[in-house]
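# Remarks on the overall topology
Each chain, letter by letter, is given below.
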Amino acid sequence: MKALQAALGAEHAVVYGYGVVGGKIDDARRTEARAAYDAHRARRDELARAVRDLGGKPEASAAAYALPFQVKDSAAAVRFAAELEERVAGVYSDLVRASTGDQRRTAAEALREAAVRAVRWGGESVAFPGLAERAATPSASAPSPA
């Protein structure tokens, strides 16, 4: 349940982060940002249902999250989107390790999707997405509550 709640918390942060991205991204990539935002909202809702199905209370979203750097323009928004995806991939990596069966398959799919989006945003791939060794910061969650 702890890894599931962590993934839910990460998705709350990513949804918030994509709100920031959407406010700064240029028109050429706005559709891509919107698709990622929608995908993360759907994952967030799916995780909340999974927590409830296991008898837990889904973690609520924070009112705001601290950003790792200022997102002043479209280039910064693109870097931020790539970082969001890399960080959430790390959290899904933890969920893959902590789960079994359908939940594990769903977590692996979410990890793959985040890794693909990270490459699309950042233009660089890694052999094992989501590993803590590749994280830019000590924490794999993104961004942190303010």
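Residues numbered from 1 in each chain as written. Predicted model: local features only at pLDDT ≥ 70, side-chain atom pairs only at ≥ 80, totals over all residues. Heavy atoms only, no water.

## Some details on the packing of helix 2 (residues 27-53) against helix 3 (residues 74-98)
Selection criterion: To define axes, lines are fitted to C-alpha atoms, for helices over the stretch in contact only, and angles between the resulting N-to-C directions are given on a 0 to 180 degree scale. Elements are defined by DSSP. Helices are runs of H or I of four residues or more, strands are runs of E of two residues or more, and each kind is numbered from the N terminus. Roughly parallel here means an angle under 35 degrees, roughly antiparallel means over 145, roughly perpendicular means 65 to 115, and every remaining angle is called oblique. Each crossing gets its handedness from the near helix: less than a right angle anticlockwise from the far helix is left-handed, clockwise is right-handed. Note on contacts: a residue pair is in contact if any heavy atoms of the two residues lie within 4.5 Å. Put simply, Ala, Val, Leu, Ile, Met, Phe, Trp, Tyr, Cys and Pro go in the nonpolar bin, Asp, Glu, Lys and Arg in the charged bin, and everything else, Gly too, in the polar bin.
With their axes 12 Å apart at the nearest point, helix 2 and helix 3 run at an angle of 25° to one another. What the angle tells us is that helix 2 and helix 3 run roughly parallel. Classified by chirality, the crossing of helix 3 by helix 2 is left-handed. Residue-level inspection shows Arg29, Ala36, His40, Arg43 and Leu47 of helix 2 in contact with helix 3, the latter providing Val78, Glu85, Val88, Tyr92 and Leu95. The residue makeup of the contact of helix 2 with helix 3, split by class, is six nonpolar, one polar and three charged.

## Here we look at helix 4 (residues 101-122)
Stated precisely, the cut-off is as follows: Working rule for helices: expected span equals 1.5 Å times residues minus one. Residue burial is assigned from relative accessible area. The probe radius is 1.4 Å, only protein chains are included, and a residue is buried under 20% of its type maximum, exposed over 50%, and partly exposed in between. In this description, one arc is meant: the one made by directions from the helix axis to the C-beta atoms.
Helix length check: helix 4, at 22 residues, gives a terminal C-alpha distance of 31 Å against a target of 32 Å (1.5 Å per residue), a fit within 8%. Every buried residue belonging to helix 4 is among Ala107, Ala110, Leu111, Ala114, Ala115, Arg117, Ala118 and Trp121, and all of these are buried. On an axial view of helix 4, the arc spanned by its buried residues comes to 165°, and they lie on one face. Exposed residues pointing more than 90 degrees away from the buried face of helix 4 are listed as Asp102, Arg105 and Arg120. Its buried side turned inward, helix 4 meets helix 1 (2-24), helix 2 and helix 3. Positive backbone phi, at 80°, marks Gly123, one or two positions downstream of helix 4.

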